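The lines below spell out each chain.
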Amino acid sequence: MVILAVYVDDIILTGNDVSEIYALKSYLDEQFKIKDLGILYYVLGIEVSPTPAGLLLNQRKFILDLLAEYKCYEVSPVVSPLDLTLKLQAADGDLLPNPELYWSLIGKFNFLTHSRLDLSFAVQHLRTSDYGILFNKSSDFALHGYLDSDWATCPYSRKSVTGFFVFFGGSLVSWKSKKQSVVSLSSAEAEYRALSKLVAELTWLTRLLENLGVVGVTPVSVFCDNQSAQHIACNPVFHERTKHIWVDCHFVRGKLSEGLIALSLFVLLSQFLCPFPKQTSNPGNLTRATASLHPVSDLPVPLVSRASSTAVFQLSSS
C-alpha cells in the first residue's frame, strides 16, 4: 500500500512497498514536473527525525527562529507555573504600543502547538527547542480518548474550557484546549460538551483510518471523570435538565449506540490531562500530561534503500 498526502505544492509519499513508491514518483514526474527531495526531513515548518522507536516530530528550528526574532535567544528557561487563584483579565495592565507584534507572536505560538501540546492551555488563554512528539512504530492500532473540562473558568463570560487528547497505538495524535462557545449551567454540562467535541474528533479519525485500511479500532475507549456526563450519555430518557443540550445528547448517544465509543470512568483524569483545560501550580503535573514529549537529539537521517519495508519521501512541485 502507498499513501500520498498533498498540502498545496508539498507531497508526502509513504507505504510498505518502496518499489511502488518509486514507480509513483516516476509517474507524477511525467504528468507534472516535480522535485524529489528524498527522505522526509522537514515539511511545513516541522522537522521529522527517524529514531529506533519511531518518528520524532519537532519544531526546533521554528523555536530558534522565534527566539531570535524576539531577541530572547540568550534567555534562560525557567519553570513558572500559574497561581491557581490568578485569573487573567483583559482590562489589567497597560495597553501595548504595538499590538500587531503581540498578535503575530500568539499566531506563531498557535502554530507551535502542533508539536508542543504542553503549550495548548497557555495559547488558548492568550488568544483574547528542545522537545518533540514521538510517533512510535508499535503495531497496536487501538484508539483511546481522554477528556476533561474547567467549568465557568472565564471571569468575564463564565464559559468553560474543553480539554481532550487522543492516543493511537500509544502515540498522541490529536489534542485540544479551547474555550466552549456557550455558557454551561453545570459542571456536568461542561463535561458533556467536551465529550461531544471529543466524539466528533474520534468520528473523523475512525473514518480516516478506515480509508487507510485500518480496521478493528472500534469501539474506542473514552475516559472521563464525571459520572453525571456518563449517565446522560447512557440514559435513553431525556430529562428537563438536559433539554438545553439535546443536540449534543443525540450526537453522543448515537455514536454510543453505534458502538463507535465505549465510556469509562477515570477518577484521576484531572491529573492525567492537566494542564489541558486547567492551570496548575504543580510542575509535576506537566510531566504527567506531556509524557509523549521526547527530547530532540541530533540524529542523522538514515538512508533508505529500495529493499526497505517502509519509507517516507517528500516531493515538491516545480
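Residues numbered from 1 in each chain as written. Predicted model: local features only at pLDDT ≥ 70, side-chain atom pairs only at ≥ 80, totals over all residues. Heavy atoms only, no water.

Undergrad: I'd like a description of the packing of helix α2 (residues 60-69) against helix α3 (residues 99-112), backed by residues and values.
TA: Here α2 crosses α3 at 165 degrees, and the two axes come no closer than 11 Å. As far as their axial angle goes, α3 and α2 are roughly antiparallel. Between α2 and α3 lies a crossing of left-handed hand. On α3, the residues touching Phe-62, Ile-63, Leu-66 and Glu-69 of α2 are Leu-105, Lys-108, Phe-109, Phe-111 and Leu-112. (Axes fitted to C-alpha atoms, helices over the stretch in contact; angles between N-to-C directions. Helix = DSSP H or I, 4+ residues; strand = E, 2+ residues; numbered from the N terminus. Parallel < 35°, antiparallel > 145°, perpendicular 65-115°, else oblique. Left-handed = near helix turned anticlockwise from the far one by under 90°. Contact = heavy atoms within 4.5 Å.)

Undergrad: Account for a nonpolar patch on the surface, naming residues and giving values.
TA: A surface patch of nonpolar side chains, about 340 Å² in accessible area, is lined by Tyr-7, Val-8 and Leu-44. One can find Leu-44 in the loop between β4 (42-43) and β5 (46-51). (Patch = residues over 30% accessible without salt bridge, like charges linked within 9 Å, V, L, I, M, F, W, Y side chains within 5 Å. Areas by Shrake-Rupley, 256 points an atom, 1.4 Å probe, with all protein chains shown as cover. Salt bridge = Lys/Arg side-chain N within 4 Å of Asp/Glu carboxyl O.)

Undergrad: I'd like to hear about the confidence of the model for the protein chain, residue by residue, with values.
TA: In this model, the protein chain carries an average pLDDT of 75, and 72% of its residues clear a pLDDT of 70 or more. Confidence over residues 281-289 falls short of pLDDT 50; this stretch has 18 contacts with residues more than four positions distant or in other chains. (pLDDT = per-residue confidence, 0-100.)

Undergrad: I'd like a rundown of the packing of aromatic side chains, residues and numbers included.
TA: Tallied over the entire structure, the rule returns five aromatic pairs. Between Phe-165 and Phe-167, the aromatic rings sit 5.3 Å apart at their centres with planes inclined by 90 degrees, giving edge-to-face as the arrangement. Overall, Phe-165 belongs to the buried group, its relative accessible area being 2%. We classify Phe-167 as buried; its relative accessible area is 14%. Here a set of aromatic residues connected by ring pairs shows up, and it is made of Tyr-146, Phe-165, Phe-167 and Phe-223. Against the face of Tyr-22 rests Lys-25, its NZ or CZ located 4.4 Å from the ring centre. (Phe/Tyr/Trp six-rings, centres within 6.5 Å; stacked < 30°, edge-to-face > 60°. Buried < 20%, exposed > 50% of the residue type's maximum accessible area, 1.4 Å probe, protein only. Lys NZ or Arg CZ within 6 Å of the ring centre and 35° of its normal.)

Undergrad: Please provide a residue-by-residue account of the sheet that holds strand β12 (residues 261-265), values included.
TA: To summarise the sheet geometry, strands pair through backbone hydrogen bonds and adopt either a parallel or an antiparallel arrangement. Spatial ordering of the open sheet is given by β10-β9-β8-β11-β12, a layout of five strands whose pairing is mixed. The open sheet has two free edges, formed respectively by β10 (171-179) and β12, since each of these has just one partner strand. Within the sheet, the average angular offset between the axes of one strand and its neighbour, ignoring direction, is 20 degrees. When strand β9 (residues 161-168) meets β10, the two strands line up antiparallel, connected through eight bridges. Counted as the bridge partner of Phe-168 is Ser-171 from β10. Together, β8 (143-150), β9, β10, β11 (220-224) and β12 form the strand contacts of helix α5 (residues 187-211), whose direction differs from that of β8 by roughly 155 degrees. (Pairing = 2+ DSSP bridges.)

Undergrad: Requested: an account of the pattern of salt bridges, with residues and values cited.
TA: Summed over the entire model, instances satisfying the criterion amount to six salt bridges. Of the charged contacts, one joins Glu-47 and Arg-60 as a salt bridge, the two residues approaching to 3.5 Å between their closest N and O atoms. In this pair, Glu-47 is assigned in strand β5 and Arg-60 in helix α2, connecting sequence segments 13 residues apart. By relative accessible area, which is 5% here, Glu-47 ends up buried. Taking the relative accessible area as the measure of exposure, Arg-60 reaches 19% and is therefore buried. Among the ionic pairs, Lys-255 bridges to Glu-258, the shortest N-O distance being 3.7 Å. One end of the pair is Lys-255 and the other is Glu-258, both in helix α7 (residues 246-258) and three residues apart, which spans about a single turn.

Undergrad: Summarise helix α1 (residues 18-31); cite the residues concerned and give the values.
TA: For α1, built from 14 residues, the straight-helix expectation of 20 Å at 1.5 Å per residue is met to within 8% by its first-to-last C-alpha distance of 20 Å. Looking at α1, one finds that the buried residues are Val-18, Ile-21, Lys-25 and Leu-28. Along the long axis of α1, the arc covered by the buried residues comes to 75 degrees, so they all point the same way. (Expected span 1.5 Å × (residues − 1). Arc of directions from axis to C-beta.)

Undergrad: So what's going on with the pairing of β5? Residues and values would help.
TA: Where β4 and β5 come together, two bridges link them in antiparallel fashion. Following the sheet pairing, Tyr-42 is matched in β5 by Glu-47. The hairpin formed by β4 and β5 contains two residues between the paired strands, and Leu-44 there has a positive phi angle of roughly 55 degrees. Judged from the five bridges that link them, β5 and strand β6 (residues 54-58) form a sheet pairing that is antiparallel.

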